[in-house]
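Residues per chain are reported as follows:
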Amino acid sequence: MNKNKSLKTEMLFRLVIPLIFFVIFDATLSYFVTLHYVDAAYDRWLLDSARSLTQEIKMQDGKIVVELPTAALEIFKWDEEDKTYFKITSSEQKMLAGDSLVPEPIDSKTDWSQPVYFNDKMYGESVRVVSMLVALDKAPEKVFIHVAETMNKRRATMLDILLADMIPQVILILVTGIYLLTGLKKGLKPLRLLAEQISQRSLRDLSPIPETHVFLEVRTLTDTINELLEAHTLAIATQQRFIANAAHQLRTPLAGLKLQAERALREQDLSAMQPALQQIQNSADRMSHLTTQLLVLAKSEPINGGYELVPIDLCQIARKTCMDWVPKALQRNMELSFESPEEPIYIQGDAILLRELLANLLDNAISYGYDNGNIWVKLNNYPLPCLTVEDDGPGIPDIEINKVFERFYRIPGSTGNGCGLGLPIVKEIADLHKARFTLSKSGSKGGTRIDLIFATT
Ligand SMILES: Nc1ncnc2c1ncn2[C@@H]1O[C@H](COP(=O)(O)OP(=O)(O)OP(=O)(O)O)[C@@H](O)[C@H]1O
Ligand SMILES: [Mg+2]
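Parameters at a glance
Residues numbered from 1 in each chain as written. Chains lettered and ligands numbered in written order. Predicted model: local features only at pLDDT ≥ 70, side-chain atom pairs only at ≥ 80, totals over all residues. Heavy atoms only, no water. Helix = DSSP H or I, 4+ residues; strand = E, 2+ residues; numbered from the N terminus. Rg over C-alpha atoms; globule rule 2.2 N^0.38 Å. Buried < 20%, exposed > 50% of the residue type's maximum accessible area, 1.4 Å probe, protein only. Contact = heavy atoms within 4.5 Å. Areas by Shrake-Rupley, 256 points an atom, 1.4 Å probe, with all protein chains shown as cover. Near = heavy atom within 4 Å. Polar contact = N/O pair within 3.5 Å; in protein donor to acceptor, adjacent residues only side chain to side chain. Nonpolar A, V, L, I, M, F, W, Y, C, P; charged D, E, K, R; others polar. Pairing = 2+ DSSP bridges. Axes fitted to C-alpha atoms, helices over the stretch in contact; angles between N-to-C directions. Salt bridge = Lys/Arg side-chain N within 4 Å of Asp/Glu carboxyl O. Expected span 1.5 Å × (residues − 1). Bend = angle between axes of the 7 residues up to and from the residue. Parallel < 35°, antiparallel > 145°, perpendicular 65-115°, else oblique. Left-handed = near helix turned anticlockwise from the far one by under 90°.

### Observations concerning the overall build of the chain
1) Next: Scanning the chain from N- to C-terminus turns up eight helices and 14 strands.
2) Next: Over its C-alpha atoms the chain spans a radius of gyration of 50 Å, topping by over 25% the 23 Å that the globule rule assigns to 457 residues.
3) Next: Its C-alpha atoms give the chain principal-axis dimensions of roughly 160 × 60 × 40 Å.
4) Next: In the chain, which comprises 457 residues, the proportion classed as buried is 36%.
5) Next: The long-range fraction of contacts in the chain, counting pairs at least 24 apart against all pairs at least 6 apart in sequence, stands at 64%.
6) Next: Counting every atom, the chain has about 28300 Å² of accessible surface; 59% of that belongs to carbon and sulfur.

### Focus: the environment of Tyr 42
1) Next: Here Tyr 42 is to be found in helix α1 (residues 7-54).
2) Next: Separated by 109 residues in the primary sequence, Tyr 42 and Met 151 have C-alpha atoms spaced 9.5 Å apart.
3) Next: The contact partners of Tyr 42, leaving out residues within four places of it in the chain, are Lys 153, Arg 154 and Thr 157.

### Description of the site of ligand 1
1) Next: Every one of the 21 residues lining ligand 1 counts as a neighbour, but His 289, Tyr 368, Arg 410, Ser 414 and Leu 423 are closest to it.
2) Next: Side-chain polar atom of Asn 364 to an oxygen atom of ligand 1: 2.8 Å apart, as the coordinates give it.
3) Next: One nitrogen or oxygen atom from the side chain of Thr 448 is found 3.2 Å from a nitrogen atom belonging to ligand 1.
4) Next: Relative to its unbound accessible area of 600 Å², ligand 1 is 97% covered by the protein chains.
5) Next: Looking at the shell around ligand 1, the elements that each hand over two or more residues are α5 (270-300), α7 (351-368) and α8 (422-432).
6) Next: Within the shell around ligand 1, the residues separate by chemical class into nine nonpolar, 10 polar and two charged.

### Quick notes on the sheet that holds strand β7 (residues 143-150)
1) Next: With antiparallel pairing, the five strands of this open sheet are ordered in space as β4-β3-β7-β6-β5. Either end of the sheet is taken by a strand with one partner, and the two such strands are β4 (95-98) and β5 (116-122). Recorded for the sheet is a direction-independent mean angle of 25° between the axes of neighbouring strands.
2) Next: Direction of pairing for strand β3 (residues 84-90) relative to β4: antiparallel, over a ladder of three bridges.

### Looking at the pattern of salt bridges
1) Next: Enumeration according to the criterion identifies 17 salt bridges in this entry.
2) Next: Between Arg 332 and Asp 371 there is a salt bridge, with the nearest N and O atoms lying 2.9 Å from each other. You can see Arg 332 sitting in the loop between α6 (314-331) and β9 (335-339) and its partner Asp 371 sitting in the loop between α7 and β11 (374-380), a full 39 residues away along the chain.

### Description of the pairing of strand β13 (residues 436-442)
1) Next: Of the pairings in the sheet, the one linking β13 to strand β14 (residues 447-453) comprises seven bridges and is antiparallel in character. Across the sheet, residue Phe 437 finds its bridge partner in β14, namely Leu 452.
2) Next: Linking β13 back to β14 in an antiparallel pair, the connection comprises four residues, with Gly 446 at a positive phi of about 75°.

### Regarding unusual backbone geometry
1) Next: Note that the residue after Tyr 382, namely Pro 383, is joined by a cis bond; omega there is -5°.
2) Next: Looking at the element boundaries, Pro 383 is found in the loop between β11 and β12 (386-391).
3) Next: Phi is positive for Asn 372, close to 65°, though the residue is something other than glycine.
4) Next: Tracing the sequence through the fold places Asn 372 in the loop between α7 and β11.
5) Next: At Phe 408, a residue that is not glycine, the phi angle is positive and equals roughly 70°.
6) Next: Counting through the fold element by element, Phe 408 comes out in the loop between β12 and α8.
7) Next: For Phe 408, a relative accessible area of 13% corresponds to the buried category.

### A closer look at the sheet that holds β11
1) Next: Reading across the sheet, the five strands line up as β9-β11-β12-β14-β13 and stay open at both edges, with mixed pairing between neighbours. Taken across any chain shown, the strands that pair with only one partner, and hence form the sheet edges, are β9 and β13. Adjacent strand axes in the sheet meet at a mean angle of 10°, parallel and antiparallel pairs treated alike.
2) Next: Strand direction decides the pairing type here: β9 and β11, joined by five bridges, are parallel.

### Some words on α5
1) Next: For α5, built from 31 residues, the straight-helix expectation of 45 Å at 1.5 Å per residue is met to within 8% by its first-to-last C-alpha distance of 44 Å.
2) Next: Along α5, the sharpest change in direction is near 30° and occurs at Ala 276.
3) Next: Among the residues of α5, Met 273, Ala 276, Ser 283, Met 287, Leu 290, Gln 293, Leu 294, Val 296, Leu 297 and Ser 300 are the ones counted as buried.
4) Next: Residues of α5 that are buried make contact with α4 (216-266), α7 and α8.

### Details of the environment of Thr 34
1) Next: By secondary structure assignment, the location of Thr 34 is in helix α1.
2) Next: Judged by relative accessible area, which is 9%, Thr 34 ranks as buried.
3) Next: Distance from Thr 34 to Leu 228, taken between C-alpha atoms, is 61 Å for residues 194 residues apart in sequence.
4) Next: With residues near it in sequence (within four places) discarded, Thr 34 still touches Met 158, Ile 161 and Leu 162.

### Focus: the packing of α1 against helix α3 (residues 152-199)
1) Next: Contact pair α1 / α3: the axes reach a minimum separation of 9 Å and the direction vectors enclose 165°. Classified by the angle their axes make, α1 and α3 are roughly antiparallel. At the point where α1 passes α3, the crossing takes the right-handed sense.
2) Next: Here the contact of α1 with α3 is built from residues that sort into 24 nonpolar, six polar and eight charged.

Such coordinate-based values are descriptive only and should not be taken to indicate function.
Below, the structure written as structure tokens:
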């Protein structure tokens with residue numbers, strides 16, 4: 001199932017749904033406000049009808065008399081849309097006139113200082129009722145007028161007002177939706193064009209995308225893609241250079257091997273073959289070393305991703321590697337000392353690559369240091385985890401310090417079977433661990449000092 005959402009639909013939903021909610025909220029609010037004003041207007045007319053009846057209630061010989069002329073009754077029949085009913089009662093609950101079914105307020109605590117309005121049912125129809133107390137001089141009891149009216153006019157007026165309010169709002173939503181849809185289509189067109197442009201490119205085409213797009217957001221996207229393409233072009237160029245160098249470096253010992261093998265084959269006598277066989281062994285050693293270094297370098301290149309950074313104890317790795325290198329140091333009568341705190345030093349790292357890093361530094365210290373010399377490997381945890389490898393050999397001349405990190409570079413006249421990849425490997429692995437790497441002269445000892453400062457876990 002395709003779970004990718006359409007940006008257009010998403011944006012449309014995000015804009016139109018709040019708009020619909022707003023309209024619903026507005027309609028609800030309008031309903032109650034309209035209801036209030038419609039009720040207020042019709043209630044006033046209902047009260048007028050009730051008041052008109054008060055004039056027909058009189059006192060005659062201390063008794064309450066209701067005389068309703070036909071003209072007064074006509075008022076209640078006049079309306080065609082609604083039916084109006086009335087009832088006049090006294091406090092003794094006696095019917096004085098009208099329809100006895102007209103509802104009255106049932107609450108005994110009703111405040112009669114004001115007319116009382118309420119909704120009820122009469123003859124199966126909803127009615128609005130007003131009840132009022134009639135102020136009569138010298139009346140022996142209280143007289144009430146109740147007028148009920150069906151609600152057809154109110155409903156019709158409510159509907160008219162609500163429709164007048166809602167129709168423009170619904171049109172507004174529709175127009176806004178259409179406007180947004182066309183706007184979004186237009187706005188997203190550059191993205192579609194960009195996708196087409198990119199899909200038509202060949203795999204080898206890493207040239208930047210032309211900056212012809214007007215929208216800032218699309219420009220940001222193309223800028224990011226262009227930065228990525230630039231980094232990619234650089235990485236590919238570096239890799240191609242590296243492959244060319246590696247091929248060249250491998251060709252030399254291979255050619256030597258072939259030459260020496262031919263020389264050995266020409267000899268009849270076994271003792272005469274010895275120098276050629278010795279050369280073959282040297283070339284094979286060199287090639288094996290070169291191949292190992294190339295593989296380590298390939299593994300430590302970020303572009304290859306052959307590493308995994310996990311919390312590891314730097315002390316344990318360094319101690320084990322130093323122990324492995326003691327026999328080599330002893331061959332040159334060198335002393336390899338190891339100093340570390342008791343407690344472990346945890347860093348985010350790749351154990352295999354860190355072992356290779358230290359192995360290269362120890363190999364250099366042993367290969368280029370003096371016979372009977374010293375090598376110190378020190379670990380510190382404060383303020384940050386730090387690994388130091390120091391020797392009291394001849395050191396690296398200042399002029400060479402930057403060059404020794406170039407791949408395949410060896411200081412002219414360097415001894416041994418090295419191929420100039422040790423320090424570039426160290427730098428690559430240090431970078432991968434985001435460790436700060438410094439190469440300096442070893443103070444009083446006069447040799448080389450390398451410090452690697454790691455970030456904490
Ligand atoms: N501790 C050191 N003391 C003196 N010179 C050094 C030291 N470490 C490195 N160098 C010099 O720096 C050069 C580069 O060292 P690097 O380790 O990169 O290559 P390499 O040792 O020649 O070859 P590889 O390590 O690949 O076998 C070496 O040729 C050597 O001359
Ligand atoms: Mg080396």
